[in-house]
Amino acid sequence: MSSLQALCSGLPLRPLPKNRGRQAGVPHAPVRTPGLSPAEKQLALRNALRYFPPDVQNVLAPEFAQELQLYGHIYMYRFCPDIEMRAYPVEQYPCRTKAAAAIMHMIMNNLDPAVAQFWLTMFYLSKMTEEQTLVMYSGHPLGLFPSSRSAPRLVITNGMVIPNYSSRMEYEKLFALGVTMYGQMTAGSYCYIGPQGIVHGTVLTVLNAARRYLGIEDLAGKVFVTSGLGGMSGAQAKAAVIVGCIGVIAEVDKAALEKRHKQGWLMEVTDSLDQCIKRLREARKKKEVLSLGYHGNVVALWERLVHELDTTGECLVDLGSDQTSCHNPFNGGYYPVQLSFTEAQSLMASNPAAFKDLVQESLRRQVSAINRLAEENFFFWDYGNAFLLEAQRAGADVEKKDASRTEFRYPSYVQHIMGDIFSQGFGPFRWVCTSGDPQDLAVTDELATSVLEEAIADGVKASVKLQYMDNIRWIREAARHRLVVGSQARILYSDQKGRVAIAVAINQAIASGRIKAPVVLSRDHHDVSGTDSPFRETSNIYDGSAFCADMAVQNFVGDACRGATWVALHNGGGVGWGEVINGGFGLVLDGTPEAEERARLMLSWDVSNGVARRCWSGNRKAYEIICQTMQENSGLVVTLPHDVGDERVLQQALQL
């Protein structure tokens, strides 16, 4: 077993570690078919061997070539560390700076270690001083470069491909060559905290969907049908229980379903549609709280619900969505109903074109079933996974008459449910206690609750109070449901005032010794300012700028200028490669006055950037928030947009 000291000592070369191959029992990416030419295969090998001196290349080259042939990418499995990959207490990392140790803590909580770049990154961090910055090019540690103490200690870019070449086909080749990587969201910026984040987001989404579509606060007896029980989508089962409804979640991968059942997030499982419908009816009648996993294809479930409606006149579902990885539908993100799970995996590798045809047929069938149910008192939304976009590309009936390019027959959850929340500056703010001590997390929970309660007591608008109350409830439920996986982390939705106040309270608690070690602040990229994504985060921006990425890029630069410990900018994540630009940050609180000042400056910008952009696009709630913020902070000066006073002005001008 390696030690942290060994892990930070650079690549193990003399002797080379034993090649144990691809580890069984661990989820792996689907086999890729990048279609490289012989020359491109040589280039991929050359790129991988750049990390190693000539005297070991003759050993490594054949096994790297085999990985490329078998999996479509060189993963360097020989260099997978045998240390237990988890977030160790921050003081155990052999570093010169607290910031570097905090970054290591975050990396080991979420990063796949099965690459040589991981060893080099840990080595650089162990040597880094307060006057150096580590630069990461799509997973490649370029090196340590001189910088100032106020500069970020780490700058990450992922998937920054020239726009004309940012296609799925080009991605497969560039990834196989080892020169780029899919950006993802928080995992790509070393800020993934496990499924807690998406549990929280799903809780708020379902709560607010019930308010908007059903006009209710109490979801007892209401049925939410969806799909996916993977690393992110698996949160849906726990969220259904927290909000108190009946959640029915379909999953084709039995291993994923069983994992959630053993974890306790799925209360019951079945592979029988008859039993699924029977149990759904029982729970509905008794108004039970239930998370029921159906081992099978979600299309079969939707079509069975249509059958029940057509034969009994009873619509058994109230709310519905989809959390398959539909942003990557032809490489394992979506499985067609016509094939079993293993049959689909085989066809995906052997005949990608035939697999694509079946996926698109399956999408058309799924939409057809949803459309029939939507004729009743049933409401469906796109969960930002590109489901409706891919369904449209497949020829499914999802068009909306006289709509913009970002609008479909059904809304995205941003357009109808969460968009107004973003416009008020609320988004997924999070922190990680690097001590690894649950008691430190409990202290931060107490501090955050106090901050929100004090804000309510001081008087806030009704819409803001509702969000604060939802998040106070969330903090209590999160602790009760034991949602911590890996690092001691918490997430909640907060606005600019709340984020700054929570950060200051935590920093002061570190200074007084109440919290034992530094705390890393971060957020999901899926936030007020962090992401330009026309079919998700910015889908409710209607001035034509939804396809522009200025906000996310400005956020990345602005956070770096205002004191972030590290910043990241990505292509891909959520809705797919070439469909989104998103960014994130990490900010280490160490109890110093300098840390408090950085938090005040950076967190204020990190929220107000997105609110101002939404204000300028015509969102009235964002307009009100920006006006209020300018009154409170003379340093903020934003040009406010004017409405067109008389629509006839436009019509007459166009006639001329």
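What you are looking at is a predicted structure, and each value in this text was computed from that prediction instead of being measured.

(A) Molecular detail of the overall build of the protein. Across its full length, the protein carries 23 helices and 15 strands. Against the 2.2 N^0.38 benchmark of 26 Å for 656 residues, the protein shows a C-alpha radius of gyration of 25 Å, consistent with a compact globule. The buried share among the 656 residues of the protein stands at 58%. Considering only intrachain contacts with a sequence separation of at least 6, the fraction spanning at least 24 residues in the protein is 70%. Split by element, the accessible area of the protein, about 26,900 Å² in all, is 52% carbon and sulfur.

(B) Helix H21 (residues 593–616), seen in detail. A rise of 1.5 Å per residue sets the reference length of H21, with its 24 residues, at 34 Å; its end C-alpha atoms lie 34 Å apart and thus fit the reference within 8%. The buried fraction of H21 amounts to 17 of the 24 residues, a majority that puts the element mostly inside the structure.

(C) Layout of the packing of aromatic side chains. One pass over the full model with this rule turns up 24 aromatic pairs. Consider the rings of Tyr-213 and Trp-381, whose centres lie 6.3 Å apart with planes at 25°: the pair is stacked. Linking Tyr-213 in helix H7 (residues 196–214) with Trp-381 in the loop between strand E9 (379–380) and helix H15 (387–393), this pair joins segments that are 168 residues apart in sequence. Side by side, Tyr-213 and Trp-381 carry an identical accessibility label, which is buried.

(D) Molecular detail of the domain arrangement of the protein. One can read the domain layout of the protein as domain 1 (4–177), domain 2 (218–397) and domain 3 (419–632). Residue-level contacts link 25 residues of domain 1 with 25 residues of domain 3. With both sides pooled, the region where domain 1 packs onto domain 3 buries about 2,000 Å², and carbon together with sulfur makes up 67% of that total. The interface formed by domain 1 and domain 3 contains zero salt bridges. Across the contact surface, domain 1 and domain 3 share 14 residue pairs in polar contact (both at pLDDT 80 or more). For the side of domain 1 that touches domain 3, the elements supplying multiple residues, two or more each, are helix H4 (98–110), strand E3 (154–158) and helix H6 (168–177).

(E) Layout of helix H14 (residues 352–373). Compared with the 32 Å implied by 1.5 Å per residue over 22 residues, the 32 Å span of H14 between its first and last C-alpha is a close match. Those residues of H14 not exposed but buried are Phe-355, Leu-358, Val-359, Gln-360, Ser-362, Leu-363, Gln-366, Val-367, Ala-369, Ile-370, Asn-371 and Leu-373. Against the buried residues of H14 lie helix H11 (298–312), helix H12 (329–333), helix H13 (341–350), E9 and H15.

(F) Spatial organisation of the pairing of strand E10 (residues 427–433). With seven of its seven residues buried, E10 lies for the most part within the structure. Inspection of the sheet shows E10 paired to strand E11 (residues 488–494) by seven bridges, in the antiparallel sense. Bridge pairing in E11 links Trp-431 to Arg-490.

(G) Representation of the pairing of strand E2 (residues 140–146) in the model. In this sheet, E2 lies alongside strand E1 (residues 132–137) in antiparallel orientation, the contact comprising six bridges. Residue Met-136 lies in a different strand from E2, and its bridge partner there is Pro-141. Adjacent in sequence and paired antiparallel, E1 and E2 are bridged by two residues, among which Ser-138 carries a positive phi angle near 45°.

(H) Structural view of the UniProt feature "domain: Urocanase N-terminal" (unreviewed entry) in the protein. Under the UniProt annotation, "domain: Urocanase N-terminal" (unreviewed entry) lies at residues 117–191. In this annotation, residues 117–191 is assigned 28% helix and 24% strand; the end-to-end C-alpha distance for the span is 18 Å.

(I) Molecular detail of the side chain of Asn-540. Tracing the backbone through its elements, the reader meets Asn-540 in the loop between strand E13 (531–532) and helix H20 (550–561). On the accessibility criterion, Asn-540 (10% relative accessible area) is buried. Ignoring sequence-local partners within four residues, the contact set of Asn-540 consists of Val-414, Gln-415, Gly-419, Ser-423 and Arg-614.

(J) The arrangement of the sheet that holds strand E4 (residues 223–227) in detail. With parallel pairing, the six strands of this open sheet are ordered in space as E6-E7-E5-E4-E8-E9. What marks the edges here is a single partner per strand, and that holds for strand E6 (268–270) and E9. Against the sheet, helix H9 (residues 254–263) contacts strand E5 (246–251), E6 and strand E7 (290–295), and its axis sits at roughly 160° relative to E7.

(K) Highlighting the UniProt feature "domain: Urocanase Rossmann-like" (unreviewed entry) in the protein. What UniProt calls "domain: Urocanase Rossmann-like" (unreviewed entry) maps, in this numbering, to residues 194–417. Structurally, residues 194–417 is divided into 52% helix and 11% strand, and its ends, taken at the C-alpha atoms, are 24 Å apart.

Rules used throughout
Residues numbered from 1 in each chain as written. Predicted model: local features only at pLDDT ≥ 70, side-chain atom pairs only at ≥ 80, totals over all residues. Heavy atoms only, no water. Helix = DSSP H or I, 4+ residues; strand = E, 2+ residues; numbered from the N terminus. Rg over C-alpha atoms; globule rule 2.2 N^0.38 Å. Buried < 20%, exposed > 50% of the residue type's maximum accessible area, 1.4 Å probe, protein only. Contact = heavy atoms within 4.5 Å. Areas by Shrake-Rupley, 256 points an atom, 1.4 Å probe, with all protein chains shown as cover. Expected span 1.5 Å × (residues − 1). Phe/Tyr/Trp six-rings, centres within 6.5 Å; stacked < 30°, edge-to-face > 60°. Domains from an automatic or database assignment. Buried area = accessible area lost by both parts, 1.4 Å probe. Salt bridge = Lys/Arg side-chain N within 4 Å of Asp/Glu carboxyl O. Polar contact = N/O pair within 3.5 Å; in protein donor to acceptor, adjacent residues only side chain to side chain. Pairing = 2+ DSSP bridges. UniProt positions renumbered as here; feature names shortened; annotations may be inferred. Axes fitted to C-alpha atoms, helices over the stretch in contact; angles between N-to-C directions.

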